[in-house]
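Each chain, written out:
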4 protein chains.
Amino acid sequence: MHILFIGDIVGKPGREAIKRFLKPLQEKHQIDVTIANGENAAAGKGLTKEIADELYANGIEFLTMGNHVWDQRDIMNFIDRESRLIRPANYPVGAPGQGHGFIRTKGKKIGVLNLSGRVFLPSLDDPFSGAIRWINQIKQETSIIIVDFHAEATSEKVAMGWFLDGKVSAVIGTHTHIQTADARLLDQGTAYITDVGMTGPRDSVLGVKKEIIINRFLTQLPAKFELANGPIQLNAVVLDIDEETGKARRIEAIQVTGEK
Amino acid sequence: MHILFIGDIVGKPGREAIKRFLKPLQEKHQIDVTIANGENAAAGKGLTKEIADELYANGIEFLTMGNHVWDQRDIMNFIDRESRLIRPANYPVGAPGQGHGFIRTKGKKIGVLNLSGRVFLPSLDDPFSGAIRWINQIKQETSIIIVDFHAEATSEKVAMGWFLDGKVSAVIGTHTHIQTADARLLDQGTAYITDVGMTGPRDSVLGVKKEIIINRFLTQLPAKFELANGPIQLNAVVLDIDEETGKARRIEAIQVTGEK
Amino acid sequence: MHILFIGDIVGKPGREAIKRFLKPLQEKHQIDVTIANGENAAAGKGLTKEIADELYANGIEFLTMGNHVWDQRDIMNFIDRESRLIRPANYPVGAPGQGHGFIRTKGKKIGVLNLSGRVFLPSLDDPFSGAIRWINQIKQETSIIIVDFHAEATSEKVAMGWFLDGKVSAVIGTHTHIQTADARLLDQGTAYITDVGMTGPRDSVLGVKKEIIINRFLTQLPAKFELANGPIQLNAVVLDIDEETGKARRIEAIQVTGEK
Amino acid sequence: MHILFIGDIVGKPGREAIKRFLKPLQEKHQIDVTIANGENAAAGKGLTKEIADELYANGIEFLTMGNHVWDQRDIMNFIDRESRLIRPANYPVGAPGQGHGFIRTKGKKIGVLNLSGRVFLPSLDDPFSGAIRWINQIKQETSIIIVDFHAEATSEKVAMGWFLDGKVSAVIGTHTHIQTADARLLDQGTAYITDVGMTGPRDSVLGVKKEIIINRFLTQLPAKFELANGPIQLNAVVLDIDEETGKARRIEAIQVTGEK
Ligand SMILES: [Fe+2]
Ligand SMILES: [Fe+2]
Ligand SMILES: [Fe+2]
Ligand SMILES: [Fe+2]
Ligand SMILES: [Fe+2]
Ligand SMILES: [Fe+2]
Ligand SMILES: [Fe+2]
Ligand SMILES: [Fe+2]
């Protein structure tokens, strides 16, 4: 089974990249299921119902989130009713939405688990011990399990990869918006990448106009963020998963770039 | 001119990787000058005179450092006398050692500047405004300038790349120990990569035995670090710099792996 | 000379406390000059021209700020023209506003210096080495110098107190909104308190409705801040300064509470 | 019932303060039970069996800890066997030691709960939701419950006070080493103070020689900590608790200082 996992979609330029690059990618890699991190899809911050629907309409079947999950108030209106959208599972019990979900396609079921790191990020519940609990629940329904670990520190992400090696099909890092060059199969058959990267404006600082961020570092003054113009990119990984065992056969990092 | 910049060398396995992989790499890429980040060369923490000398003897001509610079007390004994070694320039005025230095080779002079980020790292002086000051000094002597920006947050690193685009030959990120997949020439001719990666034990968490770090995340108890065994890797970038203009012609990310 | 320094004024309840409690305090302690931290005076976040003018009209002669200085955009419209208002001096060179200023009263001149800590706070310039530079400037005009050190960590605040002991009349900590019980004269004649406290709603979490903050800790969800109702308090210190030497003779912590 | 709660005992000067000041204090305030935070009792970092025994021998009946709990390896040898010593309860399940314990005296039982904050501190389990669980367990045995909340940020500490108001006898903050001036009874009968302060060398930065810490801020270089000499202090609160209801009748902050 071929799964495409797309890195953080940033605003309109990111959605434009989905419209432009996704279909050909799906065909080229004979993709069965497409998952994307959508935490920045609404103008760089959070997600609205309208934008989620646009992404579903354009070929994404399932969305994961991260620290920006609550940035748009609209999320509260639909996250509890939307089965194709999850947020980090290690928010305190009782938080709106779900931390894991399932995609059903071609007679198969794929489990998706979203986790948030805690190093340099808000104080959520332990993603390590939590991972084991949630994976055990998901395992009752399927052996194909994709984990989006939304985290900052490389130490935490790499440790999670090794920790879940052999327990899930893939651990895909998100959040830093820069793709890492370490996509590989770990020893026990789990596909891993520290960060899958970002889908949005290429000549930018994580999606934002570079002048704004440079100025913020120079002046330490607040500034209104504005997304960058110019060329757009789509960052992703293609996973080839053995449907019987849930083990990964292959992981390939993808970068597509083009004029907007 | 071909410059090889090697990512953080971690302990004995990292030095082993230098001994094993450096010479063939230098030949293959016709390297004129080799620079490496040495902040973890002594058992993962800091640098000693003896280990610096070992690295020089094995083909590295210049060492940069980072937040681990003071981890070995021995550094205080030689950093002020050692012209082939720099530490982040944005330590407060009066700190031991130098923040930039020069390599003289084949009638050419290469300036090297070491900077530390401040996001999720100690409170040093501003690396952005400082960069301009130090680059202006270096420019009086040479137009070939390599910057090692030792930083954690991708936003700060990418911003520095764009900020120095056209002002230096290359901005090479270090510190996260994971190579990123974004090596490129920026618009004004500066070579850039968010992180060049790590030289040391491959199946590890940033060099350390994975079981130790996983356990630390699970228990939040302190634990003595121990470097990992098994396969070793060398991470680097090859830079091709125009000696007249100081502009980069090409940047290529390198990963070499082998059994120890 | 008797100087009253008032802790962070929080929103309307804080301004109400000024209206209610300031005059009697000034009379009781025969206050010559009144200074207050105003970083939270506008609805808990920042300061506007209108609110600054209200505070001046109600007996405050000089305002200092902190990390919330830029929260209201209106500040950009008047901070450069307003001589009775300073923001932390260790913002990068070129930031709007001034980091120190002077109060002229009864033939005397009082210098006021505002500094921000860097531990658990944004990456500004070094407040320690900066303090010496700015104090030397101020000393050319007066020996009476009041420092508002707006900082989080007790280690940084206490260290600044000792560092400036004998160099200024008083080091007054602000920012934590909780008055500390360590007001004292240091060895060389500088009056010191780690935090002068908060002026605003008493039964609150730093001014905000307690239910909102408790809920945020429990759910890790964002929440709109709303200031608390109920009893109001004014926190301050009274300083008695020798006008000739600039040394402090006495520091007394003040807490006034009353129904709104 | 009169309970004395003593703030973080720092090294030999802190233990000296216990020897010198505790007995007279216990007599003056007719203390029934004495509790102290011991996380810094061994040379400023952690606790050993020998030092714990010295403190018990000198009149302290129960010790709480904080982020320094694991600083001395010796703690691992006795924390599981020692019923008079607890560490923050919100360490992950399975950590050595206990998070709450009981003191039996004069036919009464006092429950003590130790919690750690998470703001600017390591990523432990949620102290807020955890507090409710552990308090419910303790309540099965006694209605007299003392909470040591070891935390940095005033917002987290004040929020915890209000959150536990009416559920426990007292919430005593520790960790910042500076006593706050906000000891009070909250609305539902819980005694509260944001920080009880430090027991150790007075003219210091949180116990450490002031020159060392000032120098560290100025140079950003590491430095070996050394405890300060000179006058010593004991910081504490006296609690008067209704033994039937567990409600607090009174809280009084105490500071004793003397030559060593
Ligand atoms: Fe993102
Ligand atoms: Fe994120
Ligand atoms: Fe490193
Ligand atoms: Fe580093
Ligand atoms: Fe404030
Ligand atoms: Fe503040
Ligand atoms: Fe402590
Ligand atoms: Fe502590």
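About the cut-offs
- Residues numbered from 1 in each chain as written.
- Chains lettered and ligands numbered in written order.
- Predicted model: local features only at pLDDT ≥ 70, side-chain atom pairs only at ≥ 80, totals over all residues.
- Heavy atoms only, no water.
- Pairing = 2+ DSSP bridges.
- Helix = DSSP H or I, 4+ residues; strand = E, 2+ residues; numbered from the N terminus.
- Contact = heavy atoms within 4.5 Å.
- Axes fitted to C-alpha atoms, helices over the stretch in contact; angles between N-to-C directions.
- Donors = N, O, S within 2.8 Å, 3.2 Å for Na, K, Ca; no water.
- Tetrahedral: all angles 85-135°; square planar, octahedral: opposite > 155°, others 65-115°.
- Buried < 20%, exposed > 50% of the residue type's maximum accessible area, 1.4 Å probe, protein only.
- Parallel < 35°, antiparallel > 145°, perpendicular 65-115°, else oblique.
- Left-handed = near helix turned anticlockwise from the far one by under 90°.
- Nonpolar A, V, L, I, M, F, W, Y, C, P; charged D, E, K, R; others polar.
- Least-squares fit on C-alpha atoms with pLDDT ≥ 70 in both.
- UniProt positions renumbered as here; feature names shortened; annotations may be inferred.
- Buried area = accessible area lost by both parts, 1.4 Å probe.
- Salt bridge = Lys/Arg side-chain N within 4 Å of Asp/Glu carboxyl O.
- Polar contact = N/O pair within 3.5 Å; in protein donor to acceptor, adjacent residues only side chain to side chain.
- Right-handed = clockwise from strand over helix to strand, strands pointing away.
- Arc of directions from axis to C-beta.

Chemist: Go over the sheet that holds strand β8 (residues 170–174) of chain B with me, naming the residues and quoting the values.
Modeler: All names here are of chain B. As summarised here, the arrangement of the six strands in space is β5-β6-β7-β8-β10-β9, forming an open sheet in which the pairing is mixed. Edge positions in the sheet fall to β5 (100–105) and β9 (184–185), since each has one partner strand and no second. In terms of strand pairing, strand β7 (residues 145–150) meets β8 through five bridges, oriented parallel. By the bridge assignment, I146 is partnered in β8 with A170. Together, β5, β6 (108–116) and β7 form the strand contacts of helix α4 (residues 127–139), whose direction differs from that of β6 by roughly 165°.

Chemist: Give me the lowdown on the coordination of the iron ion (ligand 1), citing residues and values where you can.
Modeler: All names here are of chain A. Surrounding the iron ion (ligand 1) are the protein donor atoms D8 (OD), E39 (OE), N40 (OD1) and H177 (NE2), at 2.1 to 2.2 Å. With four donor atoms in place around the iron ion (ligand 1) and angles of 88 to 166° between them, the coordination shape is irregular. Each donor residue of the iron ion (ligand 1) lies on one chain, and together they are spaced D-x30-E-N-x136-H. The metal-metal distance between the iron ion (ligand 1) and the iron ion (ligand 2) is 3.5 Å, with E39 coordinating both. For the pair E39 and N40, a shared accessibility class is recorded, and that class is buried.

Chemist: Lay out the packing of helix α1 (residues 11–28) of chain D against helix α2 (residues 49–57) of chain D in plain terms, naming residues and giving numbers.
Modeler: All names here are of chain D. Contact geometry of α1 with α2 gives a least axis separation of 10 Å together with a crossing angle of 20°. With respect to α2, the axis of α1 lies roughly parallel. Judged by the twist between their axes, the crossing of α1 over α2 is left-handed. On α2, the residues that touch R15, I18 and K19 of α1 are I51, E54 and L55. When its residues are assigned to classes, the contact of α1 with α2 shows three nonpolar, no polar and three charged.

Chemist: With reference to specific residues and values, describe the relation of the copies chain B and chain D.
Modeler: Each copy of the sequence occupies a distinct position, and chain B is placed on chain D by a rotation of 180° and an axial shift of 0.0 Å, giving an RMSD of 0.0 Å. Overall, the copies show the geometry of a two-fold rotation axis. Residues of chain B ranked by C-alpha distance from the rotation axis are headed by B:F120, positioned 5.8 Å from it.

Chemist: Run through unusual backbone geometry, naming residues and quoting values.
Modeler: All names here are of chain A. One non-glycine residue, K106, lies in the positive phi region at around 50°. Position of K106 among the secondary structure elements: in the loop between β5 (100–105) and β6 (108–116). K106 sits in the exposed class, given a relative accessible area of 59%.

Chemist: Account for the UniProt feature "active site" (unreviewed entry) in chain A, with residues named and values stated.
Modeler: Residues and elements named next belong to chain A. When the UniProt feature table is mapped onto this chain, "active site" (unreviewed entry) is found at H68. Checked against the element boundaries, H68 lands in the loop between β4 (62–64) and α3 (75–78). For H68, a relative accessible area of 21% translates into the label partly exposed. In this structure H68 touches E39, N40 and G46, once residues within four positions along its chain are discounted.

Chemist: Explain the interface of chain B and chain D to me, using residue names and the numbers behind them.
Modeler: Each partner contributes residues to the interface: chain B has 15 residues there, and chain D has 15 residues. Both sides together, the interface formed by chain B and chain D hides about 1000 Å², and carbon and sulfur atoms give 71% of it. Taken together, the links from chain B to chain D amount to zero salt bridges. One can count two residue pairs in polar contact (both at pLDDT 80 or more) joining chain B with chain D. Residues of the side of chain B that touches chain D, tallied by class, amount to 10 nonpolar, three polar and two charged.

Chemist: An account of the sheet that holds strand β4 (residues 100–105) of chain D is requested, with residue identities and associated values reported.
Modeler: All names here are of chain D. With mixed pairing, six strands are arranged side by side in an open sheet as β4-β5-β6-β7-β9-β8. Every other strand in the sheet has two partners, leaving β4 and β8 (184–185) as the edge strands with one partner each. Against the sheet, helix α4 (residues 127–139) touches β4, β5 (108–116) and β6 (145–150), its axis set at about 165° to β5. In the packing of helix α5 (residues 154–164) onto the sheet, contacts are made with β5, β6, β7 (170–174), β8 and β9 (191–193), and the angle to β7 comes to roughly 170°.

Chemist: Account for the UniProt feature "binding site: Fe cation 1" (unreviewed entry) in chain A, naming residues and giving values.
Modeler: Residue and element names in this part refer to chain A. On the UniProt side, "binding site: Fe cation 1" (unreviewed entry) is annotated at positions that read D8, E39, N40 and H177 here. These annotated residues cover 170 residues of sequence, and their C-alpha atoms all fall within 11.4 Å of one another, placing them together at a single site. Take N40: it is sitting in the loop between β3 (33–37) and α2 (49–57). Setting aside chain neighbours within four positions, we find N40 in contact with D8, I9, V10, G11, K45, G46, H68 and H177. Checked against the element boundaries, H177 lands in the loop between β8 (170–174) and β9 (184–185). A relative accessible area of 7% places H177 in the buried class. In this view, H177 contacts D8, V10, E39, N40, D195, G197, M198 and L206; residues no more than four positions away in its chain are not counted. A polar contact is formed between the side chain of H177 and the side chain of D8, at a distance of 3.1 Å.

Chemist: Provide a residue-level description of the environment of A:T199, including the pertinent values.
Modeler: Residues and elements named next belong to chain A. Here T199 lies in strand β11 (residues 198–201). Here T199 falls in the buried class, since its relative accessible area comes to 0%. Taking C-alpha positions, T199 is 9.1 Å from Q255, a pair spaced 56 residues apart along the chain. Contacts of T199, omitting those with residues within four sequence positions, involve I6, G7, D8, I9, V10, G14, A17, I18, Q233, L234 and N235. Side-chain polar atoms of T199 contact the backbone nitrogen of N235, separated by 3.2 Å.

Chemist: Account for the pairing of β8(A), naming residues and giving values.
Modeler: Residues and elements named next belong to chain A. Among the five residues of β8, five are classified as buried, and the element is accordingly described as predominantly covered. Covered by surrounding structure in β8 are A170, I172 and T174 together with V171 and G173, the residues of both alternating faces. Crossover strand β7 (residues 145–150) to β8 through helix α5 (residues 154–164) is right-handed. The pairing of β8 with strand β10 (residues 191–193) spans three bridges and is classified as parallel. Of the residues in β10, the one forming a bridge with I172 is I193.

Chemist: Summarise helix α2 (residues 49–57) of chain C; cite the residues concerned and give the values.
Modeler: Residue pairs spaced three or four apart in an α-helix point in one direction, given the helix's 3.6 residues per turn. Residue and element names in this part refer to chain C. Within α2, the full set of buried residues consists of I51, A52, L55 and Y56. Viewed end-on, α2 has its buried residues packed into an arc of 145°, placing them on one side of the element. Away from its buried face by more than 90 degrees, α2 exposes E50 and A57. Buried positions along α2 lie against β2 (8–9), α1 (11–28), β4 (62–64) and α3 (75–78).

Chemist: Give a detailed account of the interface of chain A and chain B, specifying residues and quantitative values.
Modeler: Size of an interface, as often reported, equals the accessible area lost when the parts are brought together. The interface of chain A with chain B comprises 36 residues on the first partner and 36 residues on the second. Together, the buried faces of chain A and chain B total about 3000 Å²; carbon and sulfur atoms form 68% of this surface. Counting every contact that joins chain A to chain B gives two salt bridges. The salt bridge partner of A:R184 is B:D203, with a shortest N-O separation of 3.0 Å. In this assembly, chain A and chain B are joined by 10 residue pairs in polar contact (both at pLDDT 80 or more). Elements supplying a minimum of two residues to the side of chain A that touches chain B: α4 (127–139), α5 and α6 (210–219) of chain A.

Chemist: Requested: an account of the coordination of the iron ion (ligand 5), with residues and values cited.
Modeler: When a metal carries six donors in an octahedron, the ideal angles between them are 90 or 180 degrees, while four donors in a tetrahedron ideally lie at 109.5 degrees. Residues and elements named next belong to chain C. At this site the iron ion (ligand 5) is bound by D8 (OD), E39 (OE), N40 (OD1) and H177 (NE2), with donor distances of 2.1 to 2.2 Å. Of note is the iron ion (ligand 5), whose four donor atoms meet at the metal with angles of 88 to 165° in an arrangement that counts as irregular. Along the chain, the residues donating to the iron ion (ligand 5) fall in the pattern D-x30-E-N-x136-H. Between the iron ion (ligand 5) and the iron ion (ligand 6) the interatomic distance amounts to 3.5 Å, and E39 serves as a bridging ligand to the pair. Placement of D8 in strand β2 and of H177 in the loop between β8 (170–174) and β9 (184–185) is noted, with a sequence separation of 169 residues between them. The exposure classification of D8 matches that of H177, with both residues buried.

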